[in-house]
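# Architecture at a glance
Given next are the chains, with one letter for each unit.
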Amino acid sequence: MQEEKQMMSIISPDGSVQEVEVIVSFKFTDTNKEYVVFTKNEKDANGNVTVYVSHIVREEGQEDPRLEAVTDDEEWNRIKDLLRELVKAGEEAQ
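Anyway, here's the lowdown on the structure attached to this text. Within each chain, residues carry numbers counting from 1 in the order of the written sequence. With pLDDT at 70 or above as the cut-off, local features in this predicted model cover only qualifying residues; side-chain atom pairs require 80 or more to be listed or tallied, and sums for whole chains, interfaces and linings still use all residues. Each side-chain value is worked out from all heavy atoms of the structure, with water and hydrogens disregarded.

### Focus: the overall build of the chain
- Each helix corresponds to a stretch of at least 4 residues labelled H or I by DSSP, and each strand to a stretch of at least 2 residues labelled E; elements are numbered beginning at the N terminus. Secondary structure summary: the chain contains one helix and five strands in total.
- Element order for the chain, N to C, with α for helix and β for strand: β-β-β-β-β-α.
- Over its C-alpha atoms, taken along the principal directions, the chain stretches across nearly 45 × 30 × 30 Å.
- The classification of residues rests on relative accessible area computed with a 1.4 Å probe and restricted to protein chains. Under 20% of the type maximum is buried, over 50% is exposed, and intermediate values are partly exposed. Split into buried and exposed, the 94 residues of the chain put 21% on the buried side.
- By definition in these notes, contact holds between two residues if any of their heavy atoms fall within 4.5 Å. If you take every contact in the chain between residues at least 6 apart in sequence, the share linking residues at least 24 apart comes to 22%.
- Only the protein chains shown count as cover for residues, with accessible areas throughout obtained via the Shrake-Rupley method and a probe of 1.4 Å. A total of about 7,600 Å² of accessible surface is found on the chain, and carbon and sulfur atoms cover 45% of it.

Structure, rendered in structure tokens:
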């Protein structure tokens, strides 16, 4: 049985809309920050699918959340550690 892909629309700074595939979303409970990992299903020169990670910002009075880049090294290292754990758990489940 094939799992249905979860899609979301993102609006680029230039106003264009793109449909992207959500890989995983998660929240760090200690910081209460939410993140989403997604792909446009683009491949790099080695044939690997490119993935993106963004911080989800929810503002009061705004219907849709905003995505921001992760710029803090400590925050980025925590995200990478979590993603490694998710990959490892997925490999062990197979």
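### A closer look at the side chain of E21
- Counting through the fold element by element, E21 comes out in strand β2 (residues 17-28).
- For E21, a relative accessible area of 15% translates into the label buried.
- Those residues in contact with E21 that lie beyond four places of it in its chain are K5, Q6, M7, V37, F38, T39 and N41.

### With respect to the sheet that holds strand β3 (residues 33-43)
- Two strands are said to pair when DSSP picks up at least two bridges between them. Across the sheet, which stays open at both edges, the five strands sit in the order β1-β2-β3-β4-β5 with antiparallel pairing between neighbours. Strands with a single pairing partner mark the edges of an open sheet, and in this sheet they are β1 (6-11) and β5 (66-69). The sheet shows a mean angle of 50° between the axes of neighbouring strands, direction not considered.
- Strand direction decides the pairing type here: β1 and β2, joined by six bridges, are antiparallel. Bridge assignment links S9 to a residue of β2, and that residue is E19.
- Between N-to-C directions, angles span 0 to 180 degrees; the directions come from axes that are lines fitted to C-alpha atoms, helices contributing only their stretch in contact. Where helix α1 (residues 73-93) meets the sheet, its contacts fall on β2, β3 and β4 (49-57), and the angle it forms with β2 comes to roughly 90°.

### So, the pattern of salt bridges
- The working definition used for a salt bridge is a side-chain nitrogen of Lys or Arg within 4 Å of a carboxyl oxygen of Asp or Glu. Following the criterion strictly, the structure yields seven salt bridges and no others.
- We note a salt bridge from R58 to E34, for which the minimum N-O separation is 2.8 Å. Within this pair, whereas R58 is found in the loop between β4 and β5, its partner E34 is found in strand β3, the two being separated by 24 residues in sequence.
- Salt bridges here are not isolated pairs; linked through shared partners, they connect E59, R66 and E68.

### Let's talk about the packing of aromatic side chains
- Whether two aromatic rings pair depends on their centres lying within 6.5 Å, for rings of Phe, Tyr and Trp, where Trp uses its six-membered ring; planes under 30 degrees apart make the pair stacked, over 60 edge-to-face, and the rest tilted. Counted under the stated rule, the structure contains four aromatic pairs.
- Here the aromatic rings of F26 and F28 are separated by 5.6 Å at their centres, their planes lie at 70°, and the arrangement is edge-to-face.
- Using a relative accessible area of 9% as the deciding quantity, one classes F28 as buried.
- Ring centres of F28 and Y35 lie 5.5 Å apart, and the angle between their planes is 65°; this geometry places the pair in the edge-to-face category. As far as burial versus exposure is concerned, F28 and Y35 are alike and both buried.
- When the ring centre of Y52 is taken as reference, the NZ or CZ atom of K40 above it lies at 5.0 Å.
- By the criterion adopted, a ring carries a charge over it if an Arg CZ or a Lys NZ lies within 6 Å of its centre and within 35 degrees of its normal. One Lys or Arg, R78, reaches over the ring of F28 and ends 4.0 Å from the middle of that ring.

Any functional reading would require information that these geometric values do not contain.
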